[in-house]
Amino acid sequence: MPAKKKAKVEEEEEQEEIEEEEEEIDSPPDDDDDDEYDPNNDEEQELIMAGKGRKRKRGRQSSSEEDDDDEYKPSRKPKVQARKQRKRSGDYDSPVKKRKPPPPPAKKTPGRGRKPKKVSLEEETGSPPPSPPNVSPPTATPILSKSVTDYSSIDLSSDAKNKDGSPWTHKFSSWNVNGVRAWLKASGIEYVNQECPDVFCIQETKCSEKDLPKSELEVPGYHSYWNSAEQKGYSGTGLYSKEEPINVTYGIGIPKHDNEGRVITAEFEKFYFVTAYIPNAGDKLKRLSYRVGEWDPDFKKYLKSLDENKPVVLCGDLNVAHKEIDIANPKTNQRSAGFTKEERESFSSLLEDNKLIDSFRDLYPDKKEAYSYWSYRSNARKNNKGWRLDYFLVSERLKAAVCDSIIRSQVYGSDHCPIVLLVAL
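Residues numbered from 1 in each chain as written. Predicted model: local features only at pLDDT ≥ 70, side-chain atom pairs only at ≥ 80, totals over all residues. Heavy atoms only, no water.

Asks: Any chance you could explain the packing of helix 9 (residues 288-307) against helix 10 (residues 341-353) here in plain terms?
Replies: A pair of packed helices is characterised by two quantities: the angle between their axes and the separation of those axes. At their nearest, the axes of helix 9 and helix 10 sit 10 Å apart, and the two run at 10 degrees to each other. In this view, helix 9 runs roughly parallel relative to helix 10, as classed from their interaxial angle. Facing helix 9, whose interface residues are L288, R291, V292, D296, K300, L303 and K304, helix 10 presents E342, E343, S346, S349, L350 and D353. When the residues that make up the contact of helix 9 with helix 10 are grouped by side-chain class, the tally is 4 nonpolar, 2 polar and 7 charged. (Axes fitted to C-alpha atoms, helices over the stretch in contact; angles between N-to-C directions. Helix = DSSP H or I, 4+ residues; strand = E, 2+ residues; numbered from the N terminus. Parallel < 35°, antiparallel > 145°, perpendicular 65-115°, else oblique. Contact = heavy atoms within 4.5 Å. Nonpolar A, V, L, I, M, F, W, Y, C, P; charged D, E, K, R; others polar.)

Written as structure tokens, this is what we have:
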């Protein structure tokens, strides 16, 4: 063979060999290729020289009988070896470029594959790591919810004065707790300690007299009084007072109303203090006729009888949003309990006929989004979609004594929040 042609053939075969080797390195290993090729096997070499090469199992076996005999495809390794063999057999005298043997496999060491044990700086050096300069540990931010109050973020103090410039002398507070036992679990007593009112009233205790956890409800420095409903887990009121009242009565003197534990009256030297939980008109307004036709007229008469002797301070959940400004969605609640035309007109009649003042609205006639109740549904409290159902009403004779009327919307523990009245007496 001419030298030129011989060199060209050798160059082409060497290039093909290099490409085959590179392709073999880049491709993933075949899991089925368990046996290795042996270049010293004479029988195998004869097959290679005949152009048959080794056969390997490839692809997926068919389910038909014709495919029961496995099909094989020649490996690429024998082709490379065949070219080397032809060179060695003297087809032409060009030198053969030997293929570099693969590197030996790495020795397996015990524990290979396991994560190395982490060694702290303290263990390595024997001393604790230095603290970064000017970096203080992060502090947890308190999160307010339906049952947690961050009192450190609320200023309960006040320097309010009445219109004559006299500072307040008495603080009254009221809260519908929506179940006194749940209220206790939500640290409700802590509010009394923080607010420190002279008189504190709660509504909707939902606990019978015998089931009241009186030891847990005791607050040092206060006298306490309870009026429970005959029906278990329903209605109920409570009153705390620093000063022992002259007299305390329960109900309004009418048996058909008084079995629900809705009213407590405490008589003091200068005024009567009344806390009330007014009946709700109920689902589908089933108690609306009782509310506006029986309860409201009788309760109005009761308050009038008290006012004939001393002025009255009335507080509690009165279960009515008096005006459209007192509810977030007035248009969609025209026939909802607490905002019907009948209930609102009856409440107006109470204010006018008994000469009572809505202390909050008297001081803040145009203040919007001031609510004391929020449904637990649809994030109503977070979005401030509420109702103003809780009130401090005072006799007209006490109007000049009012210093401030406050809604404690940042205090949690119920679906209502506390309200506060500051007066100079």
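From this point, the discussion proceeds with the structure in view.
Asks: What should I look at first to understand the UniProt feature "site: Important for catalytic activity" (unreviewed entry) in the protein in this one?
Replies: As annotated in UniProt, the feature "site: Important for catalytic activity" (unreviewed entry) corresponds to D390 in the numbering used here. Looking at the secondary structure, you find D390 in strand 14 (residues 390-395). Of the polar contacts made by the side chain of D390, one reaches the side chain of S372; its length is 2.6 Å. (UniProt positions renumbered as here; feature names shortened; annotations may be inferred. Polar contact = N/O pair within 3.5 Å; in protein donor to acceptor, adjacent residues only side chain to side chain.)

Asks: Would you mind showing me how to read the packing of aromatic side chains here?
Replies: Two aromatic rings, taken as a pair, are described by how far apart their centres are and by the angle between their planes. Within this structure, the stated rule accounts for 13 aromatic pairs. Geometrically, the ring pair formed by W175 and Y191 is edge-to-face, given 5.3 Å between the ring centres and 75 degrees between the ring planes. Placement of W175 in strand 3 (residues 170-176) and of Y191 in helix 6 (residues 188-195) is noted, with a sequence separation of 16 residues between them. For W175, a relative accessible area of 1% translates into the label buried. Aromatic side chains F347 and Y391 sit 5.0 Å apart centroid to centroid with 45 degrees between the ring planes, which places their arrangement in the tilted category. One end of the pair, F347, is in helix 10; the other, Y391, is in strand 14, and 44 residues separate them in sequence. (Phe/Tyr/Trp six-rings, centres within 6.5 Å; stacked < 30°, edge-to-face > 60°. Buried < 20%, exposed > 50% of the residue type's maximum accessible area, 1.4 Å probe, protein only.)

Asks: Hey, could you run me through the environment of G261 in this one?
Replies: By secondary structure assignment, the location of G261 is in the loop between helix 8 (255-258) and strand 8 (263-267). In this structure, the C-alpha to C-alpha distance between G261 and Y234, residues 27 residues apart in sequence, is 8.8 Å. Dropping the residues within four chain positions of it, G261 is found in contact with N227, S228, A229, S235, G236 and T237.

Asks: How should the sheet that holds strand 11 (residues 356-358) be read in this particular structure?
Replies: Each strand in a sheet pairs with another by means of backbone hydrogen bonds, the pair being arranged parallel or else antiparallel. An order of 7-8-9-10-14-11 is seen for the 6 strands of this open sheet, with the pairing classed as mixed. Edge positions in the sheet fall to strand 7 (247-250) and strand 11, since each has one partner strand and no second. Averaged over all neighbouring strand pairs, the angle between strand axes comes to 20 degrees, with direction disregarded. Sheet topology note: the strand 10 (residues 312-317)/strand 14 ladder contains 5 bridges and is antiparallel. Bridge assignment links L314 to a residue of strand 14, and that residue is L393. This element, helix 10, spans strand 11 and strand 14 of the sheet and lies at about 25 degrees to strand 14. (Pairing = 2+ DSSP bridges.)

Asks: Explanation requested: unusual backbone geometry in the structure shown.
Replies: Leaving glycine aside, a negative phi is the common case for residues, and trans is the common case for peptide bonds. Despite not being glycine, E204 has its phi angle at roughly 60 degrees, a positive value. Among the secondary structure elements, E204 is positioned in the loop between strand 4 (199-203) and helix 7 (214-217). The phi torsion at N384 lies on the positive side, around 55 degrees, for a residue other than glycine. Structurally, N384 is set in the loop between strand 12 (373-374) and strand 13 (386-387). Judged by its relative accessible area of 23%, N384 is partly exposed.

Asks: Teacher, can you tell me more about helix 10 here?
Replies: One turn of the α-helix equals 3.6 residues, which is why residues spaced by three or four share an orientation. With 13 residues, helix 10 should reach 18 Å at 1.5 Å per residue; the first-to-last C-alpha distance of 18 Å fits that figure. Among the residues of helix 10, E343, R344, S346, F347, L350 and L351 are the ones counted as buried. Down the axis, helix 10 shows its buried residues gathered within 160 degrees of arc, on one side only. Structural note: helix 10 exposes K341 and E352 on the side pointing more than 90 degrees away from its buried face. Trailing helix 10 by a residue or two, K355 shows a phi angle of about 55 degrees, which is positive. (Expected span 1.5 Å × (residues − 1). Arc of directions from axis to C-beta.)

Asks: Which parts of the structure should I look at to understand the confidence of the model for the protein?
Replies: Low pLDDT means the predicted atomic positions in that stretch should not be read closely. Counting all residues, the mean pLDDT for the protein is 82, and 67% of those residues have values of 70 or more. Across residues 52-74 the pLDDT falls below 50, and counting only partners more than four positions away or on other chains, this stretch makes 31 contacts in the model. (pLDDT = per-residue confidence, 0-100.)

Asks: Sorry, what's going on with helix 9 here?
Replies: Its 20 residues give helix 9 an end-to-end C-alpha distance of 27 Å, which sits within 8% of 28 Å, the value for a rise of 1.5 Å per residue. When the local axis directions of helix 9 are compared, the greatest deviation, roughly 35 degrees, occurs at W295, which is followed within four positions by the proline P297. Listing the buried residues of helix 9 in full gives L288, Y290, R291, W295, D296, D298, F299, Y302, L303, L306 and D307. (Bend = angle between axes of the 7 residues up to and from the residue.)

Asks: I keep staring at the side chain of T237 and nothing clicks. Help me out?
Replies: For T237, the position within the fold is in strand 6 (residues 237-241). One polar contact links the side chain of T237 to the main-chain carbonyl oxygen of G261, over a distance of 3.1 Å. Each residue touching T237, except ones within four places of it in the same chain, is listed here: I202, Q203, T205, Y225, W226, N227, G261, R262, V263, I264 and Y277.

Asks: What is the right way to look at the sheet that holds strand 4 in this model?
Replies: Strand order in the open sheet formed by 6 strands is 5-6-4-3-16-15, and the pairing between neighbours is mixed. Here the strands that pair on one side only, and so sit at the sheet edges, are strand 5 (223-227) and strand 15 (402-407). This sheet shows a mean twist of 10 degrees between the axes of neighbouring strands, independent of strand direction. In the sheet, strand 4 pairs with strand 6 via 5 bridges, with the strands oriented antiparallel. The partner of F200 across the bridge, within strand 6, is Y240. Here helix 6 sits on the sheet and contacts strand 3, strand 4, strand 6 and strand 16 (419-423); the angle it forms with strand 3, its principal contact strand, is near 165 degrees.

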